[in-house]
Amino acid sequence: MGLLNFTREPVPEAVSADMHNLNQLSAQQFSALTELLFRFLTEPKEVERFLTQLSDFATMNKISLGPLKNIVKSILLVPNGALKRNLSSEQVRADFIALGLSEEKASYFAEQWKVNSPTLTRLAVGQTLMINQLIDMEWKFGVTAGSSELEKVGSIFLQLKLVVKKGSQLENVYVELTLPQFYSFLHEMERVKTSLESFS
Amino acid sequence: MAALRDGDFAALQILLKAPSKDAVRQLCQECFSSPPAALGPLAQRACPGLAVSAEEAEQLVSALHNLTRHVVYRGLTAPEDILHLFPENFHQNLKNLLTKIILENISSWRNEAQASQISLPRLVDMDWRVDIKTSSDSIVRMAVPTCLLQLKIQEDAALCGNNPVVSALTVELSKETLDTMLEGLGRIRDQLSAVANK
């Protein structure tokens, strides 16, 4: 086996055998299995659903579930590595062929990869570490009518509640701003937006 | 906020013993700025300068505090309004001096009152930077811009006295979050304009 694109580490021995078994599936069966896999990759939280669908597939096609799970594990190595390394569909196709999958099936999978990779990339970026992520912002503003020290005030205040994710917990931060501070804050945030857009 | 009491004006006449007009001015400012709890120690400090008993000093300081705070509370700005507060038989020159001093200080005292008003923690400063994330454990190569925003927040001034506690909060915003935030801020601005134009 030549140099693979999706990983630098040696591939487990079982993978070749699994690819050989995959080649035994009909085009229709392979297409159904691929669809199943991509549905899971784009919604990685739906583990239960994935396992149920896999089990149904096994039953319908008269394949034992155990070996099927091993095959799936082997297949998933490629898209996971490809996502991490931003591989193109040609590279994904080449890797599957190098692993022993038939050209026809490798091309099919690579096509599906091309279609799904924007969604998958967005998911991976979304999982990237964020420090004290701002989750939500609530606000209210009003007029201070009076106080214990000043009978009539008539000044405008703005209150913000920022919901910040610290580790796995949410923390609420309350801040009050004067009107000039608000306009200054708005101005700065618009500058940030311009900056972010120039880098997108 | 303390209300003017009858005995206050009698106590104010102790100021006639003050060494100079500047001493009176100084005392007025200190009495306004002092919270009620700190009036005792202030009276003790004022005692020697006025050559009065501790009790008389306390009454004076309390009266000045009440008078200055009352004027600020009612928002009196016209000399007539302030002169009107004094009883008929009050010493004329002292009345004029006190009115003059109060008028000189009224707007800075008003600002002081507003600044020390109770409020939620206040924003005192904000800084930001834009980073580009180039790599992570989930994707080896990427170019995702992100914003780090640092807000310096000061706790309620009334609780902290002279040592305000300022904490810094750094939050990270993705472009989507920033867009949503700007939408909200824009809506605030529109509503503020609507209120201002009424």
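Going by an unreviewed UniProt entry, chain B carries the name COMM domain containing 9 and comes from Zonotrichia albicollis.

The name given to chain A in an unreviewed UniProt entry is COMM domain-containing protein, with Junco hyemalis as the source organism.

A. Geometry of the pattern of salt bridges. Tallying each qualifying case throughout the model produces 20 salt bridges over all chains. The shortest N-O distance in the salt bridge between Asp179(B) and Lys193(A) comes to 3.3 Å. Of this pair, Asp179(B) sits in helix H8 (residues 175-197) while Lys193(A) sits in helix H7 (residues 179-199), each in a different chain. In this structure, Asp131(B) engages Arg129(B) in a salt bridge whose closest nitrogen and oxygen atoms are separated by 2.9 Å. On the basis of relative accessible area, Arg129(B) is assigned to the partly exposed category, the value being 47%. Within this structure, Lys193(A), Glu197(A), Lys175(B) and Asp179(B) form a network of salt bridges that share partners.

B. Representation of the nonpolar core within the structure. Core analysis: the biggest nonpolar cluster contains 40 residues, and Leu12(B), Leu15(B), Leu64(B) and Leu98(B) have the highest contact counts within it. Among the secondary structure elements, those contributing two or more residues to this core are helix H1 (6-12), helix H2 (21-33), helix H3 (39-50), helix H4 (54-74) and helix H6 (92-115) of chain B. Counting 37 residues, the second-largest nonpolar core is a separate cluster that includes Leu22(A), Ile71(A), Leu83(A) and Phe109(A).

C. Fine view of the pairing of strand E3 (residues 169-177) of chain A. Residue and element names in this part refer to chain A. The pairing of strand E2 (residues 155-166) with E3 spans nine bridges and is classified as antiparallel. Bridged to Leu158 within E3 is Leu177. Hairpin connection of E2 to E3: two residues between the antiparallel strands, including Gly167 at a positive phi of 70°.

D. Expanded view of the packing of aromatic side chains. Counted by the stated rule, this structure contains ten aromatic pairs over all chains. Taken together, a centroid distance of 5.1 Å and an interplanar angle of 40° make the contact between Phe38(A) and Phe109(A) tilted. In this pair, Phe38(A) sits in helix H2 (residues 27-42) while Phe109(A) sits in helix H6 (residues 103-126), placing the two residues 71 residues apart along the sequence. Residue classification places Phe109(A) among the buried positions, given a relative accessible area of 1%. Taken together, the ring pairs in this structure connect Phe38(A), Phe96(A) and Phe109(A) into an aromatic cluster. Taking the ring centre of Phe30(A) as reference, the NZ or CZ of Lys105(A) above it sits at 5.9 Å. Here Arg69(B) stacks its cationic end above the ring of Phe32(B), 5.2 Å away from the centre of that ring.

E. Expanded view of the interface of chain A and chain B. Contacts between the two partners involve 54 residues from chain A and, on the opposite side, 54 residues from chain B. The three residues of chain A that bury the most area against chain B are Glu149(A), Leu150(A) and Leu196(A), which together make up 13% of that side's buried surface. Where chain A packs against chain B, one counts five salt bridges. Note that Glu190(A) is salt-bridged to Arg189(B), the shortest N-O span being 3.9 Å.

F. Broad picture of the side chain of Glu188(A). By the element assignment, Glu188(A) lies in helix H7. For Glu188(A), the residues in contact, after removing those within four places along its chain, are Met126(B) and Trp128(B).

G. Molecular detail of the packing of H2(A) against helix H4 (residues 65-84) of chain A. Residue and element names in this part refer to chain A. Contact geometry for H2 and H4: axes closest at 11 Å, N-to-C directions at 60°. On the basis of their axis angle, the class for H2 and H4 is oblique. You can see that H2 and H4 cross each other, and the crossing is right-handed. Judged by residue contacts, Leu33, Leu37, Phe40 and Leu41 of H2 engage Leu68, Val72, Ile75, Leu76, Pro79 and Asn80 from H4. In terms of residue class, the contact of H2 with H4 is built from nine nonpolar, one polar and no charged.

Rules used throughout
- Residues numbered from 1 in each chain as written.
- Chains lettered and ligands numbered in written order.
- Predicted model: local features only at pLDDT ≥ 70, side-chain atom pairs only at ≥ 80, totals over all residues.
- Heavy atoms only, no water.
- Salt bridge = Lys/Arg side-chain N within 4 Å of Asp/Glu carboxyl O.
- Helix = DSSP H or I, 4+ residues; strand = E, 2+ residues; numbered from the N terminus.
- Buried < 20%, exposed > 50% of the residue type's maximum accessible area, 1.4 Å probe, protein only.
- Core = buried A, V, L, I, M, F, W, Y, C linked by side-chain atoms within 4.5 Å.
- Pairing = 2+ DSSP bridges.
- Phe/Tyr/Trp six-rings, centres within 6.5 Å; stacked < 30°, edge-to-face > 60°.
- Lys NZ or Arg CZ within 6 Å of the ring centre and 35° of its normal.
- Contact = heavy atoms within 4.5 Å.
- Buried area = accessible area lost by both parts, 1.4 Å probe.
- Axes fitted to C-alpha atoms, helices over the stretch in contact; angles between N-to-C directions.
- Parallel < 35°, antiparallel > 145°, perpendicular 65-115°, else oblique.
- Left-handed = near helix turned anticlockwise from the far one by under 90°.
- Nonpolar A, V, L, I, M, F, W, Y, C, P; charged D, E, K, R; others polar.

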